[in-house]
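Breakdown of the fold
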Amino acid sequence: MNLHVPQPIVSVRDLSVHFHSASKIISAVNGVSLTVARGESVALIGESGSGKSVTLRSLMRLHPEKTTAIKGRIEIDGADVMTMSSSTLSAFRGSVTSMIFQEPLLAFDPVYTVGEQIIESVRRHCRLSRKDARAVALEALRSVRIPSPEQRLEAYPHEMSGGMRQRAMIALALACKPRLLLADEPTTALDATVQIQILLLLRELQREMGLSIIFVTHDIGAAVEIADRVAVMYGGRIVEEAPLATLLANPCHPYTVALLSSRPEGGLSKGSRLETIPGSPPDLSRLPEGCAFAARCKYASEACKKSFPGRVAVSPEHYVSCHRFPESA
Amino acid sequence: MNALVTPDLGGPAQPLLKVSSLVKHFPVKGPLGKKAVVRAVDNISFTVQKGETLGVVGESGCGKSTTARVLMQLITQDRGELIFDAAEVNSHQLPLRDFRRQVQMVFQDSYSSLNPRLTIEQSIAFGPRVHGLSPAVALARARELLAKVGLEPVRFAGRYPHELSGGQRQRVNIARALALEPRLVVLDEAVSALDKSVEAQVLNLLLDLKKSLDLTYVFISHDLHVVRYMSDRILVMYLGEVVEIGPAEALFTRAAHPYTRALLSSMPSMDPAQRTLASPLTGDPPSPIDPPSGCRFHTRCPHAEAACRISKPLLFPTGEHHEAACLMSIPSSGHSRSPRGDQSMRHTP
């Protein structure tokens, strides 16, 4: 392996995910390419139905195989996820890549204690004795700053508060020391005061464990607190991708610009109107041929309706897919 | 000529709604089957002025939504009274039926708050029909309202709730709330479930309607950016109590209560160079079943002292129209940082 160019932890090429239902095909993801470096945290930002969660779940192949058509290449930590057998896949889940979800109450099994669930996962993935696994579970709860962790091992999920449950889920996800953490809106259901605690915790854990994180959110504020790089999704595609500071200072895609200015931020004077994006997000079963944002875009031209714009580097590491930034330029 | 219009009784100086000493406890089974109560709303008082937007913020479980439901009289309070434009609510002066016509509510979940078996125009016309308008007039008004909230009546009037997007459904809910020409609209997390780009559309709509229909809003949200943008005054709740109330800008720039300051600094910064370094509060709010003694915030407050565990601070003026319930703002309260008695009353006229 070349030591000077470290292999990225995640490399996704031309991922497309389509769901088949009785009457229609939902094109949730339509050609996503994404690279995540080791130790990097990338935020996927988008509205509901933009394909961000579907992309994330595809990385662990969590979608039901019968009704889902996945195409493209997914490589995580050098292994090809698409060709994994089901036994390799279950060894890979939890030990290399782990996931945390928006609603920990639904992610935990309500009839087992939190400790039992962490111990089960540790024993399955790290092949430890019950006693050793318990020690690992205790350490995991301690690492996410849960007070009195010995007692919390014996607690059932419903006995914990929302913030505590989210910490316990992070402990469960990180107990086997994975290299990549996939976070699907982990702070959306939490109060602002608890959200900031969880974001800070993830940031500390990332530093301590050298973790890579893909963080899916619709809240730009949360992304600002945690991400090194941001990818903005719309209609199942990444429309803009840049380091966080670059994206905030110089958003290029009209959707990103609109998204950033539709937030009622502090400086906005009372009575001034918010910038809005007319219309609503596209119907994923009937995506237009060209740019999915064209119908809502004030700069849309004929070209936008005909073809999807290619990915253009506007500056190093800053990519945008929009016909206003032609490929030749 | 309009059958539903209600006159302004007390004039503009009279508060539209005056809430005094409101208490609402819910009985629950405590540990070991003992009886206990959730002190959802514990003795709160405030006023809503005519034509203003009063924002209400606080963490989940602080009593925001219970307050909203009591304001609407969807649940009745255990104690305390509501005075709506000088008339006591649920008295012979102002029976509930008349009160509810003047106060309407929009809920967070746009889908479950609409009847799935009614077309949206029927849903909107339902209230006016109950209040005595003929079906034809009520339907005509429903279509007018649909146009007002930005849904073309020709395209949308006959649709069912499941045929609309979340943003469109919330517009229907707003139209329905306006169908009885209310004077006060309670918006309980009305935009929280919407995508950001749609949220901005609905916020603009709410501001336009407020201006053109001369409405008063009680705007409840956990998103402080949105509350600041919408509100004239803001009320901060913690564990069933009001801890601070004041003009929106004063509250954001000169918050007097440590809890308000913690809430404000919990907002993610939008500047990657100035990320939050330490979380302003640790842990979750204590249980409203057995709230802490004295000041309920003392268990999480960085400035808590012995006095805070013992004496309960009441709202005290800290600026113009600005009050906070903190011993540090109350003269001679026993807290080491409390202002000295002789200087204390300076701001109050």
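Residues numbered from 1 in each chain as written. Chains lettered and ligands numbered in written order. Predicted model: local features only at pLDDT ≥ 70, side-chain atom pairs only at ≥ 80, totals over all residues. Heavy atoms only, no water.

**Details of the sheet that holds strand 2 (residues 35-48) of chain B**
Residue and element names in this part refer to chain B. One open sheet holds the four strands; their spatial order is 2-1-4-5, and the pairing between them is antiparallel. Both outer strands of the open sheet, strand 2 and strand 5 (87-88), are each paired with one neighbouring strand and no more. Two strands pair when backbone bridges link them, and strand 1 (residues 17-29) and strand 2 are joined in this way by 10 bridges, in the antiparallel orientation. Directly across from Lys29, in strand 2, lies its bridge partner Lys35. (Pairing = 2+ DSSP bridges. Helix = DSSP H or I, 4+ residues; strand = E, 2+ residues; numbered from the N terminus.)

**Thoughts on the packing of helix 7 (residues 162-174) of chain A against helix 8 (residues 192-209) of chain A**
All names here are of chain A. The geometry of helix 7 relative to helix 8 is characterised by a closest axis approach of 10 Å and an angle of 20° between their N-to-C directions. Regarding the angle of helix 7 to helix 8, the classification is roughly parallel. Once helix 7 is placed against helix 8, the crossing between them reads as right-handed. Contacts from Gly163, Gln166, Arg167, Ile170 and Leu174 of helix 7 reach helix 8 at Val194, Gln197, Ile198, Leu201, Leu202, Leu205 and Met209. Of the residues contributing to the contact of helix 7 with helix 8, the split by class is eight nonpolar, three polar and one charged. (Axes fitted to C-alpha atoms, helices over the stretch in contact; angles between N-to-C directions. Parallel < 35°, antiparallel > 145°, perpendicular 65-115°, else oblique. Left-handed = near helix turned anticlockwise from the far one by under 90°. Contact = heavy atoms within 4.5 Å. Nonpolar A, V, L, I, M, F, W, Y, C, P; charged D, E, K, R; others polar.)

**Description of the domain arrangement of chain A**
Residues and elements named next belong to chain A. Taken as a whole, chain A is organised into domain 1 (1-84 + 180-261), domain 2 (97-177) and domain 3 (288-313 + 323-329). Each of domain 1 and domain 3 has a C-alpha centre, and the two are 22 Å apart. Between domain 1 and domain 3, the contact holds nine residues from the first and 10 residues from the second. Of the roughly 850 Å² buried between domain 1 and domain 3, counting both surfaces, carbon and sulfur atoms make up 67%. Considering only the surface of domain 1 that becomes buried against domain 3, Tyr234, Arg237 and Pro254 emerge as the three largest contributors, covering 55% of it. Inspection of the region where domain 1 meets domain 3 yields two salt bridges. Arg296 is paired through a salt bridge with Glu47; the nearest N and O atoms lie 3.9 Å apart. Contributions of two or more residues to the side of domain 1 that touches domain 3 are made by strand 10 (237-243) and helix 11 (254-261). (Domains from an automatic or database assignment. Buried area = accessible area lost by both parts, 1.4 Å probe. Salt bridge = Lys/Arg side-chain N within 4 Å of Asp/Glu carboxyl O.)

**Comments concerning the interface of chain B and chain A**
Across the contact, 37 residues belong to chain B and 45 residues belong to chain A. Carbon and sulfur atoms supply 53% of the area buried between chain B and chain A, which totals about 3,500 Å² over both sides. For the pair chain B and chain A, the interface holds 13 residue pairs in polar contact (both at pLDDT 80 or more). Of all the secondary-structure elements, those providing two or more residues to the side of chain B that touches chain A are helix 7 (196-213) and helix 8 (224-230) of chain B. With nine residues, helix 7 of chain B is the largest single contributor of residues to the side of chain B that touches chain A. When the residues that make up the side of chain B that touches chain A are grouped by side-chain class, the tally is 15 nonpolar, 12 polar and 10 charged. (Polar contact = N/O pair within 3.5 Å; in protein donor to acceptor, adjacent residues only side chain to side chain.)

**Topic: the confidence of the model for chain B**
All names here are of chain B. Of the residues in chain B, 95% have a pLDDT of 70 or more, and the chain-wide mean is 89. In the model, residues 342-349 has pLDDT below 50 throughout and makes six contacts with residues more than four positions away in sequence or in other chains. The ipTM for the predicted assembly is 0.79, set against a pTM of 0.85. (pLDDT = per-residue confidence, 0-100.)

**What to know about the domain arrangement of chain B**
All names here are of chain B. As far as domains go, chain B holds domain 1 (17-237) and domain 2 (279-346). Averaged C-alpha coordinates put domain 1 and domain 2 at centres separated by 31 Å. Across the boundary between the two partners, domain 1 contributes eight residues, which contact six residues of domain 2. Summed over both partners, the interface of domain 1 with domain 2 comes to about 620 Å²; 53% of that surface belongs to carbon and sulfur atoms. Per-residue buried area on domain 1 facing domain 2 is highest for Val38, Arg39 and Glu59; these three make up 54% of the total on that side. Taken together, domain 1 and domain 2 are joined by two salt bridges. Along the contact surface separating domain 1 from domain 2 lie three residue pairs in polar contact (both at pLDDT 80 or more).

**A word on the pairing of strand 3 (residues 53-57) of chain B**
All names here are of chain B. Most of strand 3 sits out of view: five of its five residues are buried. The pairing of strand 3 with strand 8 (residues 216-220) spans four bridges and is classified as parallel. Following the sheet pairing, Leu54 is matched in strand 8 by Val218. Pairing of strand 3 with strand 9 (residues 233-238) involves four bridges; the strand directions are parallel. Opposite Val57, over in strand 9, you have Val236 as the bridge partner. (Buried < 20%, exposed > 50% of the residue type's maximum accessible area, 1.4 Å probe, protein only.)

**Looking at the pattern of salt bridges**
Enumeration over the complete set of coordinates arrives at 33 salt bridges over all chains. A salt bridge links Arg134 of chain A to Glu154 of chain A, with the shortest nitrogen-to-oxygen separation between them at 3.3 Å. Placement of the pair is Arg134 of chain A in helix 5 (residues 130-143) and Glu154 of chain A in the loop between helix 6 (149-153) and helix 7, with a sequence separation of 20 residues. Judged by relative accessible area, Arg134 of chain A falls into the partly exposed class, the value being 37%. Owing to a relative accessible area of 46%, Glu154 of chain A belongs among the partly exposed residues under this scheme. Between Arg286 of chain A and Asp283 of chain A there is a salt bridge, with its nearest N and O atoms 2.9 Å apart. For Arg286 of chain A, a relative accessible area of 64% translates into the label exposed. Counted as one network, the salt bridges with shared partners bring together Arg39, Asp42, Glu241, Arg296 and Lys312 of chain B.

**Describing the state of the cysteines**
By the definition in use, this model includes zero disulfides over all chains. Looking at the unpaired Cys322 of chain A, the closest cysteine sulfur is the one in Cys297 of chain A, lying at 6.2 Å. (Disulfide = S-S within 2.5 Å.)

**A word on the nonpolar core**
Residue and element names in this part refer to chain B. Residues Ile174 and Phe219 are the most contacted members of the largest nonpolar core, which totals 61 residues. The element that contributes the greatest number of residues to this core is helix 7, accounting for seven residues. Here this core gathers at least three residues from each of two domains, domain 1 (17-237) and domain 2 (279-346). Beyond its immediate chain neighbours, meaning those up to four positions away, Ile174 contacts Val106, Val149, Val202, Leu205, Leu206 and Leu209. (Core = buried A, V, L, I, M, F, W, Y, C linked by side-chain atoms within 4.5 Å.)

**Focus on the sheet that holds strand 11 (residues 312-315) of chain A**
All names here are of chain A. Across the sheet, which stays open at both edges, the eight strands sit in the order 6-7-8-3-9-10-12-11 with mixed pairing between neighbours. The two strands at the open ends of the sheet, each matched to only one other strand, are strand 6 (97-100) and strand 11. Each strand axis lies, on average, 20° off the axis of its neighbour in the sheet, ignoring direction. The pairing of strand 3 (residues 41-45) with strand 9 (residues 229-234) spans four bridges and is classified as parallel. Looking across to strand 9, one finds that Val42 is bridged to Arg229. Across the sheet, helix 7 touches strand 6 and strand 7 (180-184), and the angle it forms with strand 6 is around 170°. Set on the sheet, helix 8 makes contact with strand 3, strand 6, strand 7 and strand 8 (212-217); between it and strand 8 the angle comes to about 160°.

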